[in-house]
Structure formats: structure tokens, C-alpha cells
Amino acid sequence: MPEGDTVWRTANSLRDALEGEVLTRCDVRVPRYATVDLSGEVVDEVVSRGKHLLIRVGDHSIHTHLKMEGAWHIYAPDSRWRRPAHQARIVLATEDRVAVGFSLGITEILRRDDEESAVGHLGPDLLGPDWDAGTAIENLRAAGEQPIGLALTDQRNLAGLGNVYRNEVCFLRGVHPYTPAAEVTDLPAMVTLAHRMIHADKNNSIRHRPWVYGRAGQRCRRCGTVIEGHDLGRQEIFFCTYCQPPRVD
């Protein structure tokens, strides 16, 4: 699933293509919203909230989430699409650009006043203008016995981190991912590192070589111990048992 920095870059691309422009076409290929047509309306703004995207058009918000397979592409009019048309969930066109949302995990049209129903549950957005480190720290601490490797990707605690960042943050802070969130000795430092890392990557689609992510069975770049990989939640977690010693009861 894309991380918050990927969604942030997607919002920037959509903003450049659509913001301030009049929609000449609005084709929503989701049965529930198939009759919605925002053609003739001006796109007021495009914003990201964690891993969610909101395209605000008049009194409405187009709420999308990439999930695992989703992507937004921007094309010139009459250009050939790079993915099959049957994967398109929504098509938004202006005089000069066509934005196509492919295989989106969520596509819904909301009244703008109802945006909180879609994103109100999210914790502080690591890439948002209203980022609040103190609230994120308290949310993680309140997660109690939940493993920190899960708490970091629980979007209710802080919004934007995915599987790559949770692995790298835990490694760089020397914290075993199964450590209960409330028992992590320096949550402020962990949150600060997560914020710094995602900001460093937000303008760059190519990340640095991972320390542990995706490296199960390979040697730790720091100490040479074999990296382990285990399931935690719905995704695999990676860690070095020497650099990230497990808690001893």
C-alpha cells in the first residue's frame, strides 16, 4: 500500500492538473455514484490527508484512496492510457488535462460538509500543515499493549506511515517491532524520526536503500546478523534481533 509521501506527490500532480480549472468531463465508474456529474464546476483544491485524497469541487469532495493497486495518471487530451480502461474508476477532464483514477480502493462523492465521515478518524498527518507531534505521541502511548510495529501504521494514531516506514523507523531507533507501544522508552524520538524521514522522501519517488525492509534472510547492513521477517498485522515486518533486541519479561 502506498505510503503518505506517495499520496502527497499524487495530490501535487492532481493539483497542478486540476486546481482552478473547470471540469469538462466527470465520469464516475462506480455504480453508486454513476449519475454524479460535476462537469461545469471549478476544482477548488486538492489535498491529501494521510493516505487519503480529497478533490474539492463546488459543494462536493471526491474522496479516493489508492489502497494496494490504485494510481492516478495525468494525460493530455486524446493520449493513450497506460492502464486498461476497465480499471478506471473515475475520469476528470479539463480543457488541457485528463486525470484518471485506476483501481482505486475507495472512490466516493461526498458533500464537502461530510468530509469528516471519511477522514475524521485520522490522527495527525505527518505531511499536513496541522501536524501535531504531541498528539501523535500521546496516541501511540495510549495504544498500550499494541505492538509498536502495528501502532505506527494505525492511521488513527498518526496518518501517513506504511509498511516501509514502520520497518525502517523501528530499526533506526533500535526498537523491536513487537514491543508494546506504551513501553517504547523514547516515543518522541521515534515520532520525530518518522516525521523527518517522510519529509525527506516526499519530493523523491526513489527511496534510499532499506536497512531491513524486504531483506529477510539477508545480513544486517550494520551488524551482519541475519534479518528476520514475520507477519505482523496484514503485512510482513522485518527486523534485526541484535540491533533491535526483543523485550525480556
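Residues numbered from 1 in each chain as written. Predicted model: local features only at pLDDT ≥ 70, side-chain atom pairs only at ≥ 80, totals over all residues. Heavy atoms only, no water.

In the nomenclature of an unreviewed UniProt entry, the protein is known as DNA-(apurinic or apyrimidinic site) lyase of Rhodococcus pseudokoreensis. According to the UniProt record, the Sequence similarities (unreviewed entry) comment for the protein is "Belongs to the FPG family." (UniProt positions renumbered as here; feature names shortened; annotations may be inferred.)

Lay out the side chain of lysine 202 with the relevant residues and their values.
Residue placement: lysine 202 occurs in the loop between helix 6 (187-201) and strand 9 (228-232). Summary of buried charges: lysine 202 has no salt-bridge partner, and the nearest side chain of opposite charge, aspartate 125, is 10 Å away. A distance of 3.3 Å separates polar atoms of two side chains, one belonging to lysine 202 and the other to histidine 199. (Helix = DSSP H or I, 4+ residues; strand = E, 2+ residues; numbered from the N terminus. Buried < 20%, exposed > 50% of the residue type's maximum accessible area, 1.4 Å probe, protein only. Lys, Arg positive; Asp, Glu negative; His and termini not counted. Salt bridge = Lys/Arg side-chain N within 4 Å of Asp/Glu carboxyl O. Polar contact = N/O pair within 3.5 Å; in protein donor to acceptor, adjacent residues only side chain to side chain.)

Please provide a residue-by-residue account of the sheet that holds strand 2 (residues 43-49), values included.
The strands making up a sheet are joined through hydrogen bonds of the backbone, oriented either antiparallel or parallel. With antiparallel pairing, four strands are arranged side by side in an open sheet as 2-3-4-8. Single-partner strands in this sheet number two, and they are strand 2 and strand 8 (106-111). For this sheet the average axis-to-axis angle between neighbouring strands, irrespective of direction, equals 20°. Bridging between strand 2 and strand 3 (residues 52-57) involves six bridges; their strand directions are antiparallel. By the bridge assignment, valine 43 is partnered in strand 3 with valine 57. With respect to the sheet, helix 1 (residues 4-18) is in contact with strand 2 and strand 3, its orientation differing from that of strand 2 by roughly 175°. (Pairing = 2+ DSSP bridges. Axes fitted to C-alpha atoms, helices over the stretch in contact; angles between N-to-C directions. Contact = heavy atoms within 4.5 Å.)

Explain the UniProt feature "domain: FPG-type" (unreviewed entry) in the protein to me, and be specific about the residues and the numbers.
The UniProt record annotates "domain: FPG-type" (unreviewed entry) at residues 211-245. With 0% helix and 29% strand, the stretch residues 211-245 has end C-alpha atoms that lie 16 Å from each other.

Can you break down the UniProt feature "domain: Formamidopyrimidine-DNA glycosylase catalytic" (unreviewed entry) in the protein residue by residue, with the values?
UniProt records the feature "domain: Formamidopyrimidine-DNA glycosylase catalytic" (unreviewed entry) for residues 2-101 in the present numbering. Secondary structure content for residues 2-101 is 15% helix and 38% strand, while the C-alpha to C-alpha distance between its ends is 14 Å.

Report on the environment of proline 188, specifying residues and quantitative values.
Position of proline 188 among the secondary structure elements: in helix 6. Spatially, the C-alpha atoms of proline 188 and phenylalanine 171 are 15 Å apart, while their sequence positions differ by 17 residues. Setting aside its immediate chain neighbours within four residues, proline 188 contacts Ile137 and Arg141.

Could you give me a rundown of the environment of arginine 56, with the residues and numbers involved?
As for its placement among the helices and strands, arginine 56 is situated in strand 3. The spatial distance from the C-alpha of arginine 56 to the C-alpha of aspartate 113 is 11 Å, given a sequence separation of 57 residues. If sequence neighbours within four positions are ignored, arginine 56 has contacts with Val42, Val43, Asp44, Glu45, Val47, Ser61, Arg112 and Glu115. A distance of 2.8 Å separates polar atoms of two side chains, one belonging to arginine 56 and the other to glutamate 115.

Please set out helix 3 (residues 133-142) residue by residue, giving values where relevant.
Three or more residues of helix 3 are buried, namely Ala136, Ile137 and Leu140. End-on view of helix 3: buried residues confined to an arc of 100°, all on one side of the axis. On its buried face, helix 3 sits against helix 4 (148-151) and helix 6. The N-cap residue of helix 3 is aspartate 132: its side-chain oxygen and the backbone nitrogen of glycine 134 are 3.1 Å apart. (Arc of directions from axis to C-beta.)

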